[in-house]
Amino acid sequence: AGSLVPCLHSGVLAGCALFVVGALRAGGQHLAELRAINIPYLATGARLQADWSISQHFGIRAQADLLVPLTHTRLLVGSDQAWALPVLSVALGFGVVARIW
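The notes below deal with the structure included here. Note that the coordinates shown come from a computational prediction; the quantities given were computed from them, not determined experimentally.

Scanning the model with the defined rule gives one disulfide in all. Between the sulfur of Cys7 and that of Cys16 lies a disulfide, 2.0 Å long from S to S. Measuring handedness by torsion sign, the sulfur bridge of Cys7 and Cys16 sits at about 105 degrees and is right-handed. Residue classification places Cys7 among the partly exposed residues on the basis of a relative accessible area of 28%.

Okay, here's the thing in C-alpha cells:
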C-alpha cells in the first residue's frame, strides 16, 4: 500500500489530506469452492497530528486519521455476506520523528 499525505503546519499542529492506494487479499478455507482474490483498495480522508520537539533532530508525534474507502468490498459465501469493508475507519498513532535536514 502507498499513501500521499500533504499537510499544512501551524506551530505543533498539522492538518493533512490522506490518499491511500493498496490491495485487500481474501481467501476461504473449508468451503466447497476455494479461492483467493486480490481486490484494489482506494481511500481518502484526513489526519490531525501534533509534533513536539525533544531535540534539534528528534521529536514525538501523535496523530488521528479518518479514512473513507472509495471502493466498496463485500465477501460472499454463496449468497450470504461473510464480511464487508467498513464505510469509515479511524486510526490513532504515536511515534518518533527524525529530522534529517
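All right, on to the side chain of Arg47 then. Within the secondary structure layout, Arg47 lies in strand 4 (residues 36-53). In this structure Arg47 comes out as buried when scored by relative accessible area, which is 17%. At 2.6 Å, the side chain of Arg47 and the side chain of Asp65 are in polar contact. Contacts of Arg47, omitting those with residues within four sequence positions, involve Val5, Ala14, Gly15, Cys16, Leu18, Gln63, Ala64 and Asp65.

Moving on: the pattern of salt bridges. One side chain can pair with another of opposite charge once the charged atoms of both are near each other. Evaluation of the coordinates by the stated rule reveals two salt bridges. Between Arg47 and Asp65 there is a salt bridge, with the nearest N and O atoms lying 2.6 Å from each other. Of the two residues, Arg47 is situated in strand 4 and Asp65 in strand 5 (residues 58-69); the sequence distance between them amounts to 18 residues. Asp65 shares its class with Arg47; the two are buried. Asp51 is paired through a salt bridge with Arg61; the nearest N and O atoms lie 2.7 Å apart. You can see Asp51 sitting in strand 4 and its partner Arg61 sitting in strand 5, a full ten residues away along the chain. Here Asp51 falls in the buried class, since its relative accessible area comes to 15%. For Arg61, a relative accessible area of 24% gives the class partly exposed.

Calculation criteria
Residues numbered from 1 in each chain as written. Predicted model: local features only at pLDDT ≥ 70, side-chain atom pairs only at ≥ 80, totals over all residues. Heavy atoms only, no water. Disulfide = S-S within 2.5 Å. Buried < 20%, exposed > 50% of the residue type's maximum accessible area, 1.4 Å probe, protein only. Helix = DSSP H or I, 4+ residues; strand = E, 2+ residues; numbered from the N terminus. Polar contact = N/O pair within 3.5 Å; in protein donor to acceptor, adjacent residues only side chain to side chain. Contact = heavy atoms within 4.5 Å. Salt bridge = Lys/Arg side-chain N within 4 Å of Asp/Glu carboxyl O.

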